[in-house]
Each structure stands twice: as C-alpha cells, then as structure tokens.
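A closer look at the structure
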Amino acid sequence: AFSWRTRPAMSRCAGGGGGRIDYWDQKATGLALRVTGKARTYCVWYRVNGAARRLTLGPADEISLADARARASAIRDQARVSVDAVVVKRTAAAQAQKAKLVGETFSDLTARYLESAARGDGMKRGEALAPRTLDEYRRVLKADVLPALGAIAPGEITKAHVRALVDSIRAEGHAVHANRVLAVLKSIFSWALRKDLMATAPCAGLAATREPPRER
C-alpha cells in the first residue's frame, strides 16, 4: 500500500483541454505520478546547483512503483554532487543517435557515406560526387576495402589497419590503385569528421606514393 498527495490545484496541459494532476509520493521525495487524460507517467523533481529540474521516468504501466522510487532516489543523490539526470539523458540520446548514424560496422558507415556523397551532404565543397566517381568508389569499396575493413566498428579502425591495407596493394605492384584506395578512405573519414560521426581520422598522416607519369 502507498499514499499520494496531490498538488493544491489542477493545471491545464498546454494546447489542450484535458486536465493534468501531479500526485506526489509521500515516501520518495520529488517523485510524482503525472495523470492526464491520455497517460499516467512517473516524473521526478530535483535541484542541481540551485536550478529546479524535472525528468520523466516513463509510463506507470511499464515502471513499477518500487523501481520509480529507486530511480528517483538515485537521481536526487546524483544531483547532490552536481550530476544532472536531464543532461545525462540528453547526452545518452545524442550518443545513441550518433551510433545509429555511424552504424555498427564500417560497411554501414560507407553505405551512409555514399548516400550523402550522392546528395553533396557533408562533402567538402557541398557538391555531390559525380555518378561516375561514385561508381568508381563503389568498385573500390567492394573489391578492396570492405573485405578487409567492412566488419570492423568504425571507431576501432586505426591507422595501422589502413596502412596494412594500402601497403598490401602496393606490394602487389599496384601503386596507383593503392593511392585510389587511400583517397576513397580519406574521403569517407573526412566526411565522417565533418558530420561529427567520428572524433579522429585514421588516415591522418598517410601519404600517397608518387605515381609514374602516363605514357602518351
């Protein structure tokens, strides 16, 4: 059994005609059950560095009262040492969205890169890559890059990975093609940096080899 106390007056939901009442838990400080015409939701109020904050915990039909009380207590304990649960939640959501955009593997990231490159989104000059260039990049990725790096998480690819791939192609006597592979990788990672999908580019510092002049 538990008991609640209501706010002195009913407040109106913004933009709607339905009522909204907050029922305050008498055991867990700051915990409230917000009831509207459409939902019942647990919320917790707390202060961080003197500023009042409210965090929605979730629907009451998905969270038990015991769990809501425990989470409210933990959030208020964190607030006492200046940890703002609202900021933590927003940061986690941003990281989750970033992870979704990056993808679990480098193969996922290259697919998103090709989509963006076709539109010019995030490209260096804001210009879309020419269809012929995109086709060439797809061939390079399919033949050389993805078999070696496709299954690795983007953030785990290092300069050593890139160097090993490029050097292996050069060792086969294909210096020009090795430069093309490096150029494609640099384009992908530069795009990822501009889109804030990655913090560093593993191609930094890697230079193309000198290509012999073409015979005419």
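Residues numbered from 1 in each chain as written. Predicted model: local features only at pLDDT ≥ 70, side-chain atom pairs only at ≥ 80, totals over all residues. Heavy atoms only, no water.

1. Description of unusual backbone geometry
Rules: Going along the chain from the N terminus, every DSSP run of H or I of four or more residues is numbered as a helix, and every run of E of two or more is numbered as a strand. Burial status follows relative accessibility: with a 1.4 Å probe on protein chains alone, a residue under 20% of its type maximum counts as buried, one over 50% as exposed, and anything between as partly exposed.
Not every positive phi belongs to a glycine, and S82 is a case in point at roughly 70 degrees. Structurally, S82 can be placed in the loop between helix 1 (65–80) and helix 2 (85–102). The residue D196 is not glycine, and still its phi comes out positive at about 60 degrees. Following the sequence through the fold, D196 ends up in the segment after helix 6 (175–194). According to the relative accessible area criterion, D196 is exposed, its value standing at 57%.

2. Side note on helix 4 (residues 131–149)
Spelled out, the test is: Here the bend at a residue is taken as the angle between two axes, fitted respectively to the seven residues that end there and the seven that start there. In this description, contact between two residues means that some pair of their heavy atoms is separated by no more than 4.5 Å.
At L141, helix 4 shows its maximal kink, close to 50 degrees. Those residues of helix 4 lying buried are L134, Y137, V140, L141, D144, V145 and L149. Structurally, helix 4 contributes buried residues whose contacts are with helix 3 (106–119), helix 5 (159–171) and helix 6.

3. So, helix 3
Rules: Each helix should span, by expectation, one fewer than its residue count multiplied by 1.5 Å.
An ideal rise of 1.5 Å per residue puts 20 Å on 14 residues; helix 3 measures up with 20 Å between its terminal C-alpha atoms. Immediately beyond the C-terminal end of helix 3, within one or two residues, lies G120, with a positive phi of roughly 85 degrees.

4. A word on the pattern of salt bridges
Two side chains bearing opposite charge may form a pair once their charged atoms approach each other closely. To be explicit about the condition: The term salt bridge refers to a pairing of a side-chain nitrogen on Lys or Arg with a carboxyl oxygen on Asp or Glu at a separation within 4 Å.
In total, this model carries 10 salt bridges according to the counting rule given. With a shortest N-O distance of 4.0 Å, R71 and D67 are connected by a salt bridge. Of this pair, R71 and D67 are both found in helix 1, four residues apart, which corresponds to roughly one turn of the helix. The partly exposed category is assigned to R71, whose relative accessible area is 33%. D67 gets classed as partly exposed once you look at its relative accessible area, which sits at 34%. Its salt-bridge partner being D121, residue R119 comes within 3.4 Å of it at the nearest N-O pair. The exposure class of R119 is exposed, given its relative accessible area of 56%. Judged by relative accessible area, which is 28%, D121 ranks as partly exposed. The structure contains a network of salt bridges with shared partners spanning R119, D121 and K195.

5. Quick look at the pairing of strand 6 (residues 51–59)
How we decide: By the convention used here, strands pair only if DSSP detects at least 2 bridges between them.
Taken together, the eight bridges between strand 5 (residues 40–48) and strand 6 define a ladder with antiparallel strand orientation. Counted as the bridge partner of T41 is P59 from strand 6.

6. Focus on the pairing of strand 4 (residues 31–36)
Bridging between strand 3 (residues 19–25) and strand 4 involves five bridges; their strand directions are antiparallel. What sits directly across from Y23, in strand 4, is L33. Joining the antiparallel neighbours strand 3 and strand 4 is a turn of five residues, in which G30 adopts a positive phi near 85 degrees. In terms of strand pairing, strand 4 meets strand 5 through five bridges, oriented antiparallel.

7. Notes on the packing of aromatic side chains
Let me state the cut-off plainly: Stacked, edge-to-face and tilted labels apply to pairs of Phe, Tyr and Trp rings (six-membered ring for Trp) whose centres lie within 6.5 Å, assigned for plane angles under 30 degrees, over 60, and everything in between, in that order.
Taken as a whole and judged by the stated rule, the model has three aromatic pairs. Between F106 and F189 the ring centres are 5.4 Å apart and the planes differ by 20 degrees, which places this aromatic pair in the stacked class. One end of the pair, F106, is in helix 3; the other, F189, is in helix 6, with 83 residues separating them in the sequence. The exposure classification of F106 matches that of F189, with both residues buried. When the centroid spacing of 5.6 Å and the interplanar angle of 75 degrees are considered together, the rings of Y113 and W191 count as edge-to-face. Here W191 lies in helix 6 and Y113 lies in helix 3, a separation of 78 residues in the sequence.

8. Thoughts on the nonpolar core
We count it as follows: For this analysis, a nonpolar core means a set of buried residues of the types Ala, Val, Leu, Ile, Met, Phe, Trp, Tyr and Cys, connected via side-chain atoms within 4.5 Å.
Counting 31 residues, the largest nonpolar core has F106, Y113, V145, V162 and L185 as the members making the most contacts within it. The biggest single contributor to this core is helix 6, with nine residues. Ignoring any residue separated from it by four or fewer positions in sequence, one finds Y113 in contact with M123, L129, Y137, S187, I188 and W191. Core analysis: the next-biggest nonpolar cluster, separate from the first, contains 18 residues, L33, Y42, A60 and A79 among them.

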